[in-house]
Structures are given as C-alpha cells and as structure tokens.
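# Notes for the structure review
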Amino acid sequence: MKTILLTLFALITLNIHAQLNSCCSHQQHCTHQNNHYDSYDNSYFTDLRQALLHPEKVKTLDLRNQNLTRLPWEVRKMQNLEVLLLSNNQLKSLPWEIRYLKQLRKLDVENNYLTRLPWEMRYMENLRELNVSRNQIERLPWELRYLDNLVYINTSSNPISALPWELKYCNNLQTIVIQNTNIERIPHELESKPYLRIHW
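### Let's talk about the overall build of the protein
Each helix and strand in the protein was counted, giving 3 helices and 8 strands. If you list the helices and strands of the protein from N to C, you get α-β-α-β-β-β-β-β-β-α-β. The buried share among the 200 residues of the protein stands at 38%. Considering only residue pairs separated by 6 or more positions, the protein has 21% of its internal contacts joining residues 24 or more positions apart.

As structure tokens, this is what we get:
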C-alpha cells in the first residue's frame, strides 16, 4: 500500500512539473508574440487619434479609405514618420506643416480632391515616392526640385498641363507617370535627363 501511494505521489508531482514547464514555455512564446506585435503596433498606425497620442512612435500612418476631409497640422509632431498613406479620402489640401516630416520616404494621396501641393514640401528631404494620381492638381510646385532623393512621381489622372522643368535638378529621379493628363510635351531639360523614364 505504501509503495502504491509513493508511486501515485511521484506521478502527480511529475504531472504538475510537466504542466508548469508547458505553461512557462507557452508564456514565453506568448510574450515573444506580444512583443513582436507591440513592436509592429508601436510603429504602424491606422487610427489618427492614437497616432497623435504617440507621435514619436509613428513610422507608418495608414489612413486609406477613412473619408478624411483634412489632415491636422499636428501631424508635424510625427518626427519619425516614414510612410504616409492617404489614398481614397476627401482631402482638398495638405497642411503646410508637413514640411516638418523630415524622415518621410513615401507620400501617397491618390484619389482625393487636391488642387495643389504645398510648396513647403521642398523641406521633405528624404522623400522618395510621391503618388498624387487621381486628384485635381493643375500643376506641380517647382520647389520639388529640392527633393534630391525623389525617385518616383505619379501624376496620372490630373488636369496637369505641364511638368516643371526644374525637376531636372532631382538627381535621383527615375520615373514620372503622366498618363491621362493634359501634358502635350515634355520640357527638353527632362527629355535629356539621363535614366529618367516618363510614362505617357
């Protein structure tokens, strides 16, 4: 009888120990997953209010398809913002304060109601991709010439009638999309620019 009791006690102890190990292992796995999620969540925001509460954490702000009518000036506080996605909204303008987004690499405002771009964009020195397609923009600001890292511009489906020749100073510019615009000719300064491809 004593032997049976000792055997049962040993089995129960082993089972508890195994459950504790399994639980700890699971917790470690969950912690890793949560840390990964938090790390992602801490830089990627789809809620503007939450992003404005933690502006220094925001690296990607995805506000597509949210019926936005304005982008608040407080966006200037997002000093680490790298990607700003605003397509399919109701925006009629962009705040001049976007000039403070020094780390921004990609700006996508496709399918809004913009009639112009703020000239203050000249200070967004790290901008590489600019998509303003499907808006109501009649001209691009010549101040884009100061965006030396700009690689790609999409102006398609806008009533733009001309490209600013000053874009020749964008040393890394490789692609300009002008499909479905009012542009009839390309400035010779751009036609002769090495490695630049213009898509009609």
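### Topic: the packing of aromatic side chains
On inspection of all chains with the given rule, the structure shows 4 aromatic pairs. Over the ring of Tyr169 we find Arg145, and its NZ or CZ is 4.0 Å from the ring centre.

### What to know about the side chain of Asp62
Here Asp62 lies in strand β2 (residues 60-62). Here Tyr44 takes part through its side chain, which lies 2.7 Å from a polar atom of the side chain of Asp62. Among the polar contacts made by the side chain of Asp62, one reaches the side chain of Arg64 at a distance of 2.6 Å. Every residue in contact with Asp62, bar those within four places of it in the chain, is listed here: Tyr44, Phe45, Thr46 and Leu85.

### What about the sheet that holds strand β5 (residues 129-131)?
Ordered by their spatial adjacency, 8 strands build an open sheet running β1-β2-β3-β4-β5-β6-β7-β8, and the pairing between neighbours is parallel. Bordering the open sheet on either side are β1 (44-45) and β8 (197-199), each of which pairs with just one other strand. Here β2 runs beside strand β3 (residues 83-85); their pairing, made up of 3 bridges, is parallel. Within β3, the residue paired with Leu61 across the bridge is Leu84.

### What about the environment of Gln79?
Here Gln79 lies in the loop between β2 and β3. Exposure remark for Gln79: the relative accessible area of 39% places this residue in the partly exposed category. When residues no more than four places from it in sequence are discounted, the contact partners of Gln79 are Pro55, Tyr100 and Gln103. Within the local environment of Gln79, its side chain forms a polar contact with the backbone oxygen of Arg76, the two atoms lying 2.5 Å apart.

### Some thoughts on unusual backbone geometry
Backbone geometry at Asn111 places phi at a positive 60 degrees, although glycine is not the residue there. Turning to its location among the elements, Asn111 is positioned in the loop between β4 (106-108) and β5. The phi dihedral of Ser157 is positive, around 60 degrees, even though this residue is not glycine. Looking at the element boundaries, Ser157 is found in the loop between β6 (152-154) and β7 (175-177).

How each quantity is defined
Residues numbered from 1 in each chain as written. Predicted model: local features only at pLDDT ≥ 70, side-chain atom pairs only at ≥ 80, totals over all residues. Heavy atoms only, no water. Helix = DSSP H or I, 4+ residues; strand = E, 2+ residues; numbered from the N terminus. Buried < 20%, exposed > 50% of the residue type's maximum accessible area, 1.4 Å probe, protein only. Contact = heavy atoms within 4.5 Å. Phe/Tyr/Trp six-rings, centres within 6.5 Å; stacked < 30°, edge-to-face > 60°. Lys NZ or Arg CZ within 6 Å of the ring centre and 35° of its normal. Polar contact = N/O pair within 3.5 Å; in protein donor to acceptor, adjacent residues only side chain to side chain. Pairing = 2+ DSSP bridges.

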